[in-house]
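Below are the chains, spelled out letter by letter.
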Amino acid sequence: MPLIPEEPQIHEKAQGPRATPASGRTASTPRPVPGPRPAAPPRPGRPGPVRPTAPAQRAPRDTTTTKPGPPGPAAPAAPAAPAAQAAPAANAATVAAPQIQLIPATPDGALDAAEEAVDLLLDSGRTPGDVLVLTTGEPHPWAAHELSFGDAAYWAQHDAGDDVFYADAAVAERAASRAVVVVAVNGGPEAAAARALGVAHTRAGALLIVCGDPQRINSVLGAGV
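Residues numbered from 1 in each chain as written. Predicted model: local features only at pLDDT ≥ 70, side-chain atom pairs only at ≥ 80, totals over all residues. Heavy atoms only, no water.

1. A short note on the overall build of the chain
Here is step 1 of the chain: The number of helices and strands found in the chain is 6 helices and 5 strands.
Here is step 2 of the chain: N-terminal to C-terminal, the α/β element order of the chain is α-β-α-β-α-α-β-β-α-β-α.
Here is step 3 of the chain: Counting over 225 residues, the chain shows a buried share of 24%.
Here is step 4 of the chain: Counting contacts in the chain only where the partners sit at least 6 residues apart, residues at least 24 apart contribute 75% of the total.
Here is step 5 of the chain: A total accessible area of about 17,400 Å² is found for the chain, and carbon and sulfur atoms account for 58% of it. (Helix = DSSP H or I, 4+ residues; strand = E, 2+ residues; numbered from the N terminus. Buried < 20%, exposed > 50% of the residue type's maximum accessible area, 1.4 Å probe, protein only. Contact = heavy atoms within 4.5 Å. Areas by Shrake-Rupley, 256 points an atom, 1.4 Å probe, with all protein chains shown as cover.)

2. What to know about the environment of G129
Here is step 1 of the chain: The residue G129 is located in the loop between α2 (110-123) and β2 (131-135) in this model.
Here is step 2 of the chain: Its relative accessible area of 17% is what places G129 among the buried residues.
Here is step 3 of the chain: Those residues in contact with G129 that lie beyond four places of it in its chain are G161, D162, D163 and R178.

3. A short note on the sheet that holds β2
Strand pairs in the sheet, formed through backbone hydrogen bonds, run parallel or antiparallel to each other.
Here is step 1 of the chain: Read from one edge of the open sheet, 5 strands run β1-β5-β4-β2-β3, paired in parallel fashion. The sheet is open, and its two edges are formed by β1 (99-104) and β3 (165-168), each paired on a single side. With strand direction ignored, the average angle separating the axes of adjacent strands in the sheet is 20 degrees.
Here is step 2 of the chain: The pairing of strand β4 (residues 178-184) with strand β5 (residues 204-212) spans 6 bridges and is parallel. In the sheet register, V181 faces β5, and the bridge partner there is L208.
Here is step 3 of the chain: Against the sheet, helix α5 (residues 190-203) touches β1, β2, β4 and β5, its axis set at about 150 degrees to β5. (Pairing = 2+ DSSP bridges. Axes fitted to C-alpha atoms, helices over the stretch in contact; angles between N-to-C directions.)

Structure below.
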């Protein structure tokens, strides 16, 4: 009977490590299954630079715009200053009344008292051009002497204003204002004294000095000084 050759049987080898050969070699380590590679541990040594922290996120700016509303009422205008406030300014512009000083003297001694008052004024710092002297009786010797050269020369010295000027009460209204006016009530009628005192009060800028009888002077002025 003829022999039928048998098909060779192929035996599958199980996967795994190979058997250790007889020579005593160590079998190789099985390879790991491919997959994600784990992170490498940090190498010891000098630390690397620190990464900056990400900046904090800034809050979004409110970009909403406010719609303008209707215009409000206009501010009330400041009230005008009352007219009464302008009164003090007007009063301040008015020239203040002069200070009045009374030097008791008899009619015969009134001119000497006036001369002494002029000397004290000049000694205190007043300039000669600041002083005007009026007489109600006999004229001052200086005025009588200057008038002998003529009326024009006499009043020219008055207009120069660089010296004490002496005048009679009859022409007192022609004299200009000066800082100090001295009145010597050295006689004459009551009308002359009243005229001299009235003009002297309007011509004196700061000080009015009256030399004479206090009772007569008070009667002329109508009030005590």
